[in-house]
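An overview of the molecular structure
The chain contents come next:
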Amino acid sequence: MDDIVREGDPVLRTVTEPVKLPLDNQDREALECMLQFLKNSQDAELSAKYKLRSGVGLSANQIGLTQRMFVMYLKDENGKTVEHAWVNPKIISHSVAMVYLPESEGCLSVDRPVHGFVPRYESVKVKGYNLDGQEVVMKFKGYQAIIIQHEMDHLDGIMFYDRINQENPFKLPQGVEIRSLYDLKK
C-alpha cells in the first residue's frame with residue numbers, strides 16, 4: 001500500500017500520456033507488478049500480512065506513472081477470473097442506460113469513506129492494446145463496466161467523487177434510465 005499514491009497528490013489529477021508501442025520492458029514490468037498487486041490484495045493471507053486494501057482496478061498514475069495504462073483483476077459473478085492489462089484504452093461506445101453502486105465506489109488512493117452515487121454507463125465498448133501489444137476491442141457490462149470507467153477516469157485526472165452530485169450526493173441524473181447495479185442482477 002505504500003506504493004499507492006494518495007488523494008491530494010497532483011499525479012492523480014494529471015491527464016496521462018499515451019504509451020509507446022511495442023511496450024518496452026519497463027512498461028510491461030509495471031503492468032505485471034500492478035496486476036500482481038491486485039492479485040495479492042485479494043488474497044486473504046497476503047492482504048492481512050502486508051496490510052493491503054483489496055482492489056479490482058489500478059491505474060498507472062495511482063503508482064506515480066503518467067502513462068495511459070491500467071489493470072483490472074476480479075472474479076465475475078460465476079467465479080471466473082477476469083484479468084486485463086489495458087494500454088492506451090479508449091471507450092469507443094457506451095449504453096444510454098446507466099448504473100451505480102448503491103454503497104458508492106471506493107478507491108485505493110482514497111483512505112476515507114465517500115458517500116454518494118456515482119453514475120456510470122451500464123455497458124461500454126473499449127479499444128486498446130494488451131500486454132503483447134495486440135489491439136483488443138471488448139464489451140463490458142455492469143460491475144466490470146464500472147471498473148473500466150473508474151480506471152479510465154483516473155487516466156484523465158478525474159476522481160470518482162468528482163462524479164457525485166455535490167448538492168445532493170444521493171441524487172441521480174434526470175432524463176436517463178439509471179438503476180442500482182444490484183437491480184440488474186435480478
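This write-up is about the structure you can find in this document. These numbers were taken from a predicted model, which means no experiment stands behind them.

**Overview of the nonpolar core**
A general tendency of soluble globular proteins is for nonpolar side chains to be buried together. Within the largest apolar cluster, 19 residues are counted, with the highest numbers of intra-cluster contacts made by Leu31, Phe37, Leu38, Leu58, Met69 and Val71. Going through the elements one at a time, helix H1 (25-41), strand E2 (69-75) and strand E3 (81-94) are the ones with two or more residues in this core. With six residues, the single largest contributor to this core is H1. Not counting the four nearest positions on each side in its chain, methionine 69 is found in contact with Val19, Asp27, Ala30, Leu31, Met34, Ser59, Ala60, Trp86, Val87 and Leu155. Core analysis: the next-biggest nonpolar cluster, separate from the first, contains 14 residues, Trp86, Ile147, Met152 and Leu155 among them.

**Describing H1**
Given a rise of 1.5 Å per residue, 17 residues ought to cover 24 Å, and the 24 Å separating the end C-alpha atoms of H1 matches this to within 8%. All of the buried residues in H1 are Asp27, Ala30, Leu31, Met34, Leu35, Phe37, Leu38 and Ser41. An end-on view of H1 places all buried positions within 150° of arc, on one side of the element. Buried residues along H1 sit against helix H2 (44-50), strand E1 (57-59), E2 and E3. The N-capping residue of H1, defined by a side-chain oxygen 3.1 Å from the backbone nitrogen of glutamine 26, is aspartate 24.

**Let's talk about the pairing of E3**
Where E2 and E3 come together, seven bridges link them in antiparallel fashion. In the strand pairing of E3, tyrosine 73 is matched with glutamate 83. Taking the residues between adjacent antiparallel strands as the criterion, E2 and E3 are bridged by five residues, where glycine 79 takes a positive phi near 85°.

**Thoughts on the sheet that holds strand E6 (residues 123-129)**
Reading across from one edge, E1-E2-E3-E6-E7 is the order of the five strands in this open sheet, with antiparallel pairing throughout. Each end of this open sheet is capped by a strand with a single partner; those strands are E1 and strand E7 (135-141). Across the sheet, the mean angle from the axis of one strand to that of its neighbour is 40°, orientation sign disregarded. Docked against the sheet, H1 engages E1, E2 and E3, running at close to 30° with respect to E2.

**Side note on the pattern of salt bridges**
For the coordinates displayed, the defined rule picks out 14 salt bridges. The partner of arginine 120 in a salt bridge is aspartate 153, with the nearest N and O atoms 2.7 Å apart. With a gap of 33 residues between them, arginine 120 in strand E5 (residues 120-121) and aspartate 153 in helix H3 (residues 143-155) connect regions that are remote in the sequence. Looking at aspartate 153, the relative accessible area reads 6%, which means it is buried. For arginine 179, the salt bridge identified is with glutamate 177, shortest N-O distance 2.4 Å. What makes glutamate 177 partly exposed here is its relative accessible area of 48%. Residues joined by salt bridges that share partners form a network here, namely Glu105, Arg120, Asp153 and Arg163.

What counts as what
Residues numbered from 1 in each chain as written. Predicted model: local features only at pLDDT ≥ 70, side-chain atom pairs only at ≥ 80, totals over all residues. Heavy atoms only, no water. Core = buried A, V, L, I, M, F, W, Y, C linked by side-chain atoms within 4.5 Å. Buried < 20%, exposed > 50% of the residue type's maximum accessible area, 1.4 Å probe, protein only. Helix = DSSP H or I, 4+ residues; strand = E, 2+ residues; numbered from the N terminus. Contact = heavy atoms within 4.5 Å. Expected span 1.5 Å × (residues − 1). Arc of directions from axis to C-beta. Polar contact = N/O pair within 3.5 Å; in protein donor to acceptor, adjacent residues only side chain to side chain. Pairing = 2+ DSSP bridges. Axes fitted to C-alpha atoms, helices over the stretch in contact; angles between N-to-C directions. Salt bridge = Lys/Arg side-chain N within 4 Å of Asp/Glu carboxyl O.

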